[in-house]
Structures are given as C-alpha cells and as structure tokens.
Amino acid sequence: MNQLEKHTILNHNDYLSTLNDPQREAVLHGEGPLMIIAGAGSGKTRVLTYRIAHLIENGVDPFRILSLTFTNKASGEMRHRIEGAVGTEARNIWMGTFHSVFAKILRIEARYLGYTSDFSIYDTDDSKSLLRSIIKEYNLDDKTYKANVVFNRISGAKNRLVSADDYINNPAIQADDEAAKMKEIGRLYKTYATRCFQANAMDFDDLLFNTNVLFRDFPDVLYKYQHKFQHVMVDEFQDTNVSQYLITRKLSAVHRNICVVGDDAQSIYAFRGANIENILNFEKDFPDVRTIKLEQNYRSTGTIVNAANSVIARNKSQLKKETFTANEEGSLIDVLKAGSDNEEGRLVATAIFEEKMQKALRNENFAILYRTNAQSRSFEEALRKLGIKYRIIGGQSFYQRKEIKDLLAYLRFTVNQRDEEAFKRIINLPKRGIGDSTVAKIAVAASENDLPIWDVVANIGNYASGRTITPIDQFATLIKSFKILVEEGKDAYEVAAHIAKASGILRELYEDKTVEGLSRYENVQELLNGIKEFVDNPESEDKTLSAFLQSVSLLTNADEPDDNNDNDRVTMMTIHSAKGLEFRNVFIVGLEEDLFPSQMMLESRQDLEEERRLFYVAITRAEKRLSFSYAESRYQWGRLKMCEPSRFLLEVDPKFLNASRILHGPERDSSQPAASSARNLVQRKSTEYKPVSNVAPHIPSEGFVPTDTFDLAEGDKVEHLKFGFGEVTKIEVNGSDRKATVKFDLVGEKTLLLSFAKLRILK
DNA sequence: TTAGCGCATCTTTTT
DNA sequence: GATGCGCTAA
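Residues numbered from 1 in each chain as written. Chains lettered and ligands numbered in written order. Predicted model: local features only at pLDDT ≥ 70, side-chain atom pairs only at ≥ 80, totals over all residues. Heavy atoms only, no water.

Moving on, we come to the overall build of chain A. Counting secondary structure elements, chain A contains 33 helices and 24 strands. For chain A, buried positions account for 52% of its 763 residues. Of all intrachain contacts in chain A linking residues separated by at least 6 positions in sequence, the fraction that spans at least 24 positions is 76%. Carbon together with sulfur atoms contributes 50% to the accessible area of chain A, which is approximately 35,400 Å² in total. (Helix = DSSP H or I, 4+ residues; strand = E, 2+ residues; numbered from the N terminus. Buried < 20%, exposed > 50% of the residue type's maximum accessible area, 1.4 Å probe, protein only. Contact = heavy atoms within 4.5 Å. Areas by Shrake-Rupley, 256 points an atom, 1.4 Å probe, with all protein chains shown as cover.)

Here the structure, examined in full by the defined rule, presents 25 aromatic pairs. Summarising the aromatic geometry, the rings of Y269 and F271 are spaced 5.6 Å apart at their centres and angled 45° between planes, so their arrangement reads as tilted. Measuring from ring centre to ring centre gives 5.4 Å for Y510 and Y521, while their planes differ by 55°; the resulting arrangement is tilted. With Y510 in helix 26 (residues 505-511) and Y521 in helix 27 (residues 515-536), the pair connects residues that are 11 residues apart, well separated along the chain. An aromatic cluster of three or more residues is present, and its members are W94, F215, Y225 and F229. If you follow R187 out to its NZ or CZ, it ends over the ring of Y138, 4.2 Å from the centre. When the ring centre of Y493 is taken as reference, the NZ or CZ atom of K532 above it lies at 5.2 Å. (Phe/Tyr/Trp six-rings, centres within 6.5 Å; stacked < 30°, edge-to-face > 60°. Lys NZ or Arg CZ within 6 Å of the ring centre and 35° of its normal.)

With that out of the way, let us pick up the nonpolar core. Residues L407, L411, L527 and F548 are the most contacted members of the largest nonpolar core, which totals 51 residues. Residues contacting L407, with those up to four places away along its chain left out, are I499, A500, I505, V524, L527 and L528. I37, F98, A110 and F237 belong to the second-largest nonpolar core, a separate cluster that totals 41 residues. (Core = buried A, V, L, I, M, F, W, Y, C linked by side-chain atoms within 4.5 Å.)

As a further point, take the pattern of salt bridges. Here the structure, examined in full by the defined rule, presents 47 salt bridges. With its nearest N and O atoms 3.3 Å apart, the salt bridge here joins E236 to K44. Placement of the pair is E236 in the loop between strand 6 (231-234) and helix 14 (242-251) and K44 in helix 4 (residues 44-57), with a sequence separation of 192 residues. Of the two residues examined, E236 and K44, each falls in the buried class. The salt bridge partner of D176 is R153, with a shortest N-O separation of 3.7 Å. Of this pair, D176 sits in helix 10 (residues 171-179) while R153 sits in helix 8 (residues 147-159), and the two are 23 residues apart along the sequence. (Salt bridge = Lys/Arg side-chain N within 4 Å of Asp/Glu carboxyl O.)

Its volume calculated, the second largest pocket comes out at about 1,500 Å³. Taken together, 45 residues form the lining of the second largest pocket, with S133, E137, R195, E420 and K424 sitting closest to its centre. Those elements giving two or more residues to the lining of the second largest pocket turn out to be helix 7 (124-137), helix 11 (185-198), helix 19 (402-415), helix 20 (420-426) and helix 21 (436-448). Its residues assigned to classes, the lining of the second largest pocket comprises 17 nonpolar, 8 polar and 20 charged. (1 Å grid on protein atoms, 1.4 Å probe; cavity = no way out; pocket = protein on both sides within 12 Å on 5 of 7 lines; lining within 4 Å. Points joined across faces, edges and corners; volume = space filled by probe spheres on them. Nonpolar A, V, L, I, M, F, W, Y, C, P; charged D, E, K, R; others polar.)

What follows concerns empty space enclosed by the protein. Considering all chains together, one arrives at 1 cavity of 30 Å³ or more under this definition. Reported here for the largest cavity is a volume of approximately 30 Å³. Contributing to the lining of the largest cavity are D264, A265, I312, N315, S317, Q318 and R613. Looking at the lining of the largest cavity residue by residue, the classes come out as 2 nonpolar, 3 polar and 2 charged.

Let us look at the protein's contact with DNA strand B. Taken together, 31 residues surround DNA strand B, and among them R371, G435, S437, T438 and W637 come closest. For DNA strand B, the backbone makes up 57% of the atoms found within 4 Å of the protein, where backbone means sugar plus phosphate. The separation between a base oxygen of DNA strand B and a polar side-chain atom of T124 is 3.2 Å. Among the elements of the structure, helix 21, helix 29 (575-578) and helix 33 (678-685) are those that each provide at least two residues to the surface near DNA strand B. Examining the composition of the surface near DNA strand B, we find that 4 residues originate from one element, helix 21, more than from any other. Each residue belonging to the surface near DNA strand B can be placed in one class, and the counts come to 7 nonpolar, 17 polar and 7 charged. (Near = heavy atom within 4 Å. Polar contact = N/O pair within 3.5 Å; in protein donor to acceptor, adjacent residues only side chain to side chain.)

What follows is about the sheet that holds strand 3 (residues 94-97). Read from one edge to the other, the open sheet built from 6 strands follows the order 3-2-6-7-1-8, with strand pairing classed as parallel. Each edge of the open sheet is held by one strand with a lone partner, namely strand 3 and strand 8 (290-294). Strand-to-strand twist across the sheet, computed as the mean angle between neighbouring axes with direction ignored, equals 15°. As paired strands, strand 2 (residues 65-69) and strand 3 are joined by 4 bridges and run parallel to one another. Residue pairing for strand 3: L68 is matched across the bridge by G96. The sheet contacts of helix 4 involve strand 1 (34-38), strand 2, strand 6, strand 7 (258-262) and strand 8, and relative to strand 6 the element is tilted by about 170°. Relative to strand 1, helix 15 (residues 277-285) is tilted by about 150°, and along the sheet it contacts strand 1, strand 7 and strand 8. (Pairing = 2+ DSSP bridges. Axes fitted to C-alpha atoms, helices over the stretch in contact; angles between N-to-C directions.)

The structure is reproduced here in structure tokens:
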C-alpha cells in the first residue's frame, strides 16, 4: 500500500465518533462469536464496513477475512465502501455471495469430488430442461410431474442436505410424495444428480450442497480453509438456509470468530429454504455469543418507521426488538387508487413527475416496487410517455435472453464437452438439419456404448451412417477448432469473438433485419464487449474462457451491463431485489389481494407472515416519502381480472395514511395491452372487451369488505360494480376455481373469476 | 426427418 | 407475455 492510500484510512476518531453506542460496540468487538440484530435502516452496512476496516487496521490479513452476502449487488457495495476506508487492500478480502465464493473454492478443489475445475453451472432453465427430458424418458405423465414442482422438491431437499439416496430411504419424505401422487420424485432426483455429475455440471444448490460434501468427506480440505479464514462474516443472516449455515459454522469452528448480521423481520426467502431458526440455533451453537441490537433507524421519517412497525407488529413469530427513530415526522403516506393497471401506471408516473418538479428532485430519488416482475409494463409505458428515464432491475435479465444464452452455450460447450444442456441448445443452432430424432439417436448410441455424448459426436462415422453424418461431422470439427483456440492459451475475448462469428450466430442475427433481430444482434455485441471488459480488467487474474464463464453464470439481474454515465433513472424492481437499498421516495404498487399478498403463498404455505415481512421490507426502503397504489382491475394473460384492495392496506395504522389525498384519475382507458407479437394479438382479439367508464371512486376509509362468497346460479340477475347489470349464463366450478359467465347489458359476455368479482346478486 | 405454424397452458420471489 | 407441444407440409 502506498502512502497516499494509507492516508485514506479513517482513523479511529473519524469513524467511531459517528457511531452510536451499540454500533461502536459491534465495530470494536474483538475475538469470539458475535450476533448483530440490525433493524431496517440502522446503519448495518456501515457497521460491517467499519468492523472489517477495524480488523485490517489491527493487523488482520485481508486474505484471511471471509465476508458472505446474498446478492452480488450487496457484496459489490460492501467492497466499494471498504475500499474507501482501507484502500486497495480491500480487494484481497474473500468477499462475495455464498454461491460465488463456494463456486471458487469448489473450482480449486473440484478433483476431490470427481469434477474438473471447468465444471459448468446449470441455471434454473438448464435444470428444468434436464428434468423435463428425464421425466419424458421415464414415460411419466408431465401433468402430474411438472418440472417446476419436481425441481422445487429436489432443491428443497438439497438445501436441507438430503441427498438422493437419503431422499429415497426417508420414509417420511416418501409418504409425503406418495400423498402428493408423485412417488417417483426420488428416482428422478437420483437420475438428475447422476446426469448433472456426468455432465460435469452443478446447479445453484449443488454449489452449496457439494461444498458441504467436500468439507464433510475431506477433513484436510476443511482444515485448510478453517485455518485460512480467521474471521467469517455473514450478512442477511436471516436468509441463510441449513446448508449455508452449516458451511459457515464449520469454517469458523477453529477460530470461532464468526459475526452474523441479520433482522428476523426482514426474512423473505423461506421459499428458498431460509430458516429463521438459524438465528435461534446460533445462540445454542455458540453459547458465548455476544448479541448486539441496533434499533435506531437513521433512514426514514417517523411516519414511515411507525407505519412499518404497525404492520410488522401483527406477526406472531419475532424476536424482541424496538425500532425507533429520531428523524422528523415527515409527510403521511399517500394512497393512489386506479381503475386499471394502465391507469395505475399513469397515476404513479404523474405523481413522480409532479414531485420531481415541486421539490427539484432527480429521477434516481424514486423507486417503484412491486411483488412480481410482470407488473413493470404499465409503469414503463407511463414513464416513457412522460419522458422520465427509468431502469428495470431483474425481470428478464440480460443473461437470460435467448441469443445470450445461445452464445454462452457455445462457450460452455467449448470448455466442457460433457455439458448436456449446452449441447442440446447448440447442436442445431443455427439450423443445420440435425433434428430431435437425430439427437435422440446420438444419445442412444452414447448410452449403449457407455460413452459421453461428445465421444459419439466427435467420431460419428463409427456409430452411424446416412445423410445426417455430414452436418454432425461439421459440428464436431467446428467445436474442435474452438477447443484448439482455448488450448493455445487465447483469452476469453479472442475465443468468444471467434466463436460468435464462426458458429454463425452473429451472421444469422445480422441477416434478421426486424427490430427484434437488430436488438438481438446488439445484445450479442454487448456480451462480447462485456467479455472484453472482463479480459481488460486488471482485477481478474484469470482471463481464460473458463474463468469468465464461472463468473458470468453467477451473475444475474443485478449485474446488467451498465448504461454507464446515465444513472439518473427511476428504479423499478421487485421488493425482493430491493432489500438493502434505500430511496428518497418509494411507491409500493399493486397492493391488491391475491397479488400482494400473493395467492400462491397463501394457498401453498399459508404463510401470511412472510408476505407481511415483505411488505415491511418494502415500506422501510423509503427515506422521506411513501406511496401505496392499487388498481381495481388488471390485465392478466390477456384477460381482465377484477381486484380487491390488499388486506395489507388495512393493516397500516390509518393515522399514517393520507386518506384525504386518495388520487383518482379519469378512467378513459383503452386498455390495449402492449402487443409484442402479431401472433398473440390475433389470439387476444377474441377475448377483447370494451371498457366501461366512470366508476364512482370509493374511498377506503373504514376498511374493505372481505371477498364475498357467492351462491350464484344460472339465470341470476346480478349487478357488477364496473360492468353494470347482467344475467348469469353459465357457472363453472373447477377445483377452487369458480367462474361465472355473465351477459351484461352494456358490455356483452364476460367470464369472471368469482373470487375477484365485485358482484351483487339482485333478488 | 425437419421446420413452421397454431394452440394451449401457466405464471412469485433469487442464487 | 412466453414457452412448449403437436400437427402438417415439404
């Protein structure tokens, strides 16, 4: 470290004086286990940053600090801030997400587990696609065995460290599956695991599962890392699952310097196996733990903090914690009520526009938070119309686009010819006349001769004859030529640029002159630029294609290629990805029953508490001003759905709501859903309906009537809040789905889901 | 045997 | 809005 850098180190007085007592105590805590229960906005990241800086100042080698987070965003932010405090030494800290850090370790130790260090990482799409083909091979009904469900069962098992054999031999699990009429899941799990292994591939859960196996079966390896990491820190501890917790516990068993930071009120990943119990178990596993609570909120106004507390207080399971703030009261929470999703978009966009003008704010001061990614559309359109720049985090991320995944599949297959999913993706791309049945034949030949698929492809002449031989042979030659580049030691960019051209991917996209084709071409170019950046970045020590793939497969939405110098944008994202962030003004939108709280969550887990914590997380993102919005109807799958306001609106203590300012825009909505493909437009035309205008705005002051159940019969006369008078022509009951077709005087026939419909029966 | 088209189906959240 | 599946023409 040079003199100048040393100068940037904060001295004790500088930073300690800015902390309150519990914060300072957490920073200065020396050896031994430490648990920090940190409420929202309590300066948690600052404490963690200073703590690490303090350790380094006191002589701890950065190489011997392991700091784990959940998102790339969070770890990038932390690294940046530590660098600000201690200089470039911060780069040496082992810091990253659980998945990226342990992927790195697995890559180093791969041979112990029978993998090579070039192993592929299957993303969720790869996993599901593999499962689909296994389900097909077993001739199981894909209606009962849905890839999604099977995948979730397997994932859940892995997160509890249940191997395929454990799964099959566990009577309780088997009884469970039997009850769900899916007793073959164990077999599917076993085959899935085998196929992943044969493909030299790990899925996301394997990265943690296999780390556990590595540390369990190879004490020497465990010993090495146990001694290496003198200090272990875990951020967002409430979101760790059993698998993650066991890894960190093992790693810190020698030095016992483990510091976990969490807030049980913000645990929102139970669906991924997160286990609040970990917080409770922690005190059992480390009886000498020092527990520090950070309860003062520095982020939000009094109104926001108190409103958040009024919501979370309804949860039964929680640790004792009193969050408070010394900040100003601030303004009340606005409630925006819209007639449709498009109008909701306009109301929010207008509110942003006006607030921006009045208070001279920047776009980046605003965030729109929603429960599901699909909700972003109406806000995009409205913001665009007002000329407000925005960015969307998440959703269909850059790395999930077809053209990107296609090129990445080529790169993956070049590095790892056993990667079955990559193979399936590229064997006939661009079209070279190798169809499904040919691929199936290759697979048969491979399993008959007990060889990897690639061995058959590379020597296709020995296994088949006929017309398909030529294109397969050409494909094999192509891949071999790519491999040679890698072996010659060319860097990731050189290889990738060559592959993009030689594979024909670029040419095919270039010839597609449609708007979509153009943007795909640009996306591929952008990926190549990204690879160039990776290669040119002095921080990446390993510039091989393999290293690039490892880093890129763990990137997701948070790490979109940046639009650089243009950061003044309104941010839109799901509440899940908003955790850890803060914005001056926040809009929580789509506050409708069954959307937020999500219907699925209520049906499958009966867990309203997690949804409520999610609401709590959303509220506490706001610094100065908070708005809620909901729509009375919204398009879903090309259909109009009637909505009830969310019960969560009622759970906020009304004294924090600005009920007098409930906004209601004019309903002159043509409600044309955005049509991206002509094909779907034709399909949608048949269900098109004419909107009705002028619904009397009703103000939810007293509360909302809970959804009624109706005893409808054909021939009943009904009144609908929005469509007027009508007569029921048909009733359909399909499981929990109850649909009524009603012929309205004004708008013709409508099919309504009864749970959503605002219907009144006329006697 | 492959490629292309129309149809049906399913939607939570993330690494 | 997106994706998989099955039918049909070449």
